[in-house]
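Fold and geometry: a report
Below are the chains, spelled out letter by letter.
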Amino acid sequence: MSGRTPMAFLNRIRMKGFKTFARSTEMIFEQGVSVIIGPNGSGKSNIADAVLWALGEQSPTSIRGRSMQDVIFSGSDGQRPAAVAEVSLTFDNASGVFPLDFQEVEISRRVTRDGASEYRINGVASRLIDVEDLVGGVGLGREMHSVISQGRVDELVNSTPASRRALVEEAAGLGRYKKRRDRALAKLEKVNANLLRVSDVEREVRGALRPLKQQVTAAERYAEASEELARLRAEAAMLALVKLEARIAEERLALDEVSARRGETERSLEQLREERAREEARFTTALREREALSALYHQAAADVDRVRSRGASLEQRTARMEAELARARRRVSLAVEEDALARARAEDLGDGPAKAAGRLRVVSVAGETLAARLQEARPALVAASQEEESLRDEVFGLEAERARALQEKEFLAREMDGRSRRAEDLAERSHVAVQRLQEVRNAAAERTGMVQAAETNHAKVEAEEAAARETAGPPPGEAAPR
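If you're wondering where the values come from, they're calculated on a predicted model, not measured in any experiment. Once a new chain begins, its residue numbering starts again from 1 and follows that chain's sequence as written. Local features in this predicted model are restricted to residues of pLDDT 70 or higher, and side-chain atom pairs are both shown and tallied only at a pLDDT of 80 or more, whereas totals for entire chains, interfaces and linings draw on every residue. For side-chain calculations, the full set of non-hydrogen atoms in the structure is used, while hydrogens and water are omitted.

Moving on to the overall build of the protein. Counting its secondary structure elements, the protein contains six helices and six strands. Going residue by residue from the N terminus, the α and β elements of the protein occur as β-β-α-β-β-β-β-α-α-α-α-α. When each of the 482 residues of the protein is scored for burial, the buried share is 26%. Any pair of residues with heavy atoms lying within 4.5 Å of one another is described as a contacting pair. Counted over contacts in the protein with a minimum sequence separation of 6, partners at least 24 positions apart contribute 65%. Accessible surface, the protein as shown: approximately 33400 Å² in total, 53% of it carbon and sulfur. Numbering of helices and strands starts at the N terminus; helices are DSSP runs of H or I of at least 4 residues and strands are runs of E of at least 2. Buried residues are those whose accessible area, probed at 1.4 Å on protein chains only, stays under 20% of the maximum for their type, while exposed residues exceed 50% and partly exposed ones sit between those limits. The Shrake-Rupley method, run with a 1.4 Å probe, gives the accessible areas here. Residue values count only the displayed protein chains as cover.

Here it is in structure tokens:
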């Protein structure tokens, strides 16, 4: 170093949505003098405004606007308006002119249409005062003359000695310290105002000390009386507490006994539940068996009815066959009698063959006719006899089947009665178990209510004791509350 003061060099400017720079625009500056040339209205002055604005300029008129939202690009024929305006200045910090451990220092400012503003130093959100302190130490800032706009040259040439002195101080880097001094003076003014207020409060407190001393004396006497009253109340509360604790102990013993009984009852109830489940399972099985037996019972009843109807039909057929058999037997008897009579008459007429030739022929024809009729009736008689035997066998079988069906019907009826009695017994046992459980629960609830009442009385005594302590006030030696 040759004794020269380090200087801050602006490397580049990046603008987006600022005034006429709708798109992101970046300008890079080399070491030395850089000149921007362009016709009027091309936006050269907007670059200087961007530098001032990024360094913290707060006056819209200094950047040729009426409000800060005027710096946001308002749109053109082929371009939509921008939502935000952002300017970033990048300085070379290789010489360490900025008190930051970075080779480059980037200062950014961003504003939206709703008025929200944001400052960043190397991407970290910062306050305006942080930006002013950082750039003020190197001779930059919105109030310094590092950026001279149009019309400011004549103003500087024709300025007063005081203005020139301010310019020299800013160029020398004293502006930052003047701002610090101004902030310190403002803080001192606030401290002086607070001291005056403290003095007023002190005078008011001193004026109120005399009656407070009288109140302290009265409070001490009241505290002594309150302490005695609190002691007596505490003794009474302790006696009540001892009695209450004894009663609580008794109730807890009773509660433990009830809990033990309840546990036993619950175990018994669990066993009854298991037995009930088993009985219900057996009842369900018996019910299914009963339904099956009922079906068999109805089937047997239907078979009995069918056998009865069939037996009645067979009895009718048997009666008819017996009537036919009787008629056939009578016809056979008649035929036999007629044959015998014819033979007798033929024998009587054997002496007069000549006379009785014609009669014999008639009798012979009649005998042959009767023999033929007898021969014809004989197979019918044999068939009727066989059918009668068959019908008798079938009637005997139906009677046996009917007797078996009646026996099965009676057995099923007895089985259904037994199942019904078992179901009624199971229901009665379940009802008794439920009543017993309800009695145990009522007893446990009564014991629990008594214990809770005792605990409530104990809490009430403690609350009365606390209220007595608060009423008695602070103990002797302590100041009474204001």
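There's more to say after this.
Right, let's talk about the confidence of the model for the protein for a bit. Put simply, the protein has an average pLDDT of 79, and 81% of its residues get 70 or more. The quantity known as pLDDT measures the predictor's confidence residue by residue, on a range of 0 to 100. At the level of individual helices and strands, the protein shows its lowest average pLDDT in helix H3 (residues 152–157), which scores 65, and its highest in strand S5 (residues 117–121), which scores 94. Confidence drops under a pLDDT of 50 for residues 475–482, and excluding neighbours within four residues, the segment shows six contacts in the predicted structure.

Nonpolar side chains (Val, Leu, Ile, Met, Phe, Trp, Tyr) are joined into patches within 5 Å and like charges within 9 Å, using only residues with over 30% relative accessible area and no salt bridge. Salt bridge, as used here: a side-chain nitrogen of Lys or Arg that lies within 4 Å of a carboxyl oxygen of Asp or Glu. Taken together, Val33, Val35 and Ile37 make up a surface patch of nonpolar side chains, about 400 Å² in accessible area. By secondary structure assignment, the location of Ile37 is in the loop between strand S2 (25–28) and helix H1 (44–54).

On to the pairing of S5, then. Pairing between strands is defined by DSSP: at least two bridges between the two strands are required. Pairing geometry for strand S4 (residues 104–112) and S5, over five bridges, is antiparallel. Each residue of the ladder has a partner; that of Arg110, found in S5, is Glu118. Between S4 and the antiparallel strand that follows it, S5, lie four residues; Gly115 among them carries a positive phi value of about 95°. Connecting the antiparallel pair S5 and strand S6 (residues 124–126) is a turn made up of two residues, with Asn122 showing a positive phi of about 55°.

Before going further, it helps to spend a moment on a positive patch on the surface. Under the convention used here, Asp and Glu are negative, Lys and Arg are positive, and both His and the chain ends fall outside the count. In this description, the location of a charge corresponds to atom NZ of lysine, CZ of arginine, CG of aspartate or CD of glutamate. On the surface, Arg327, Arg330, Arg331 and Arg373 cluster together into a positively charged patch. The leading source of residues in the positive patch is helix H5 (residues 175–348), at three residues. Topologically, Arg373 is positioned in helix H6 (residues 353–472). Note on Arg373: relative accessible area 51%, which makes it exposed.

Moving on: H1. In terms of burial, H1 is largely enclosed, as eight of its eleven residues are buried. Of the positions making up H1, those classed as buried are Asn46, Ile47, Asp49, Ala50, Val51, Leu52, Trp53 and Ala54. Positioned one or two residues after H1, Gly56 has a phi angle of 110°, which is positive.

In the case of a regular strand, side chains alternate between the two sheet surfaces. Of the strand pairs in this sheet, strand S1 (residues 9–16) and strand S3 (residues 84–92) are connected by seven bridges, and their pairing is antiparallel. Pairing of Arg12 across the sheet is with Thr90, part of S3. Strand direction decides the pairing type here: S1 and S2, joined by four bridges, are antiparallel. In the strand pairing of S2, Arg14 is matched with Glu26.

All right, on to the side chain of Glu279 then. Take Glu279: it is sitting in helix H5. On the basis of relative accessible area, Glu279 is assigned to the buried category, the value being 15%. Those residues within four positions of Glu279 in sequence are excluded, and the remaining contacts are Arg422 and Leu426.

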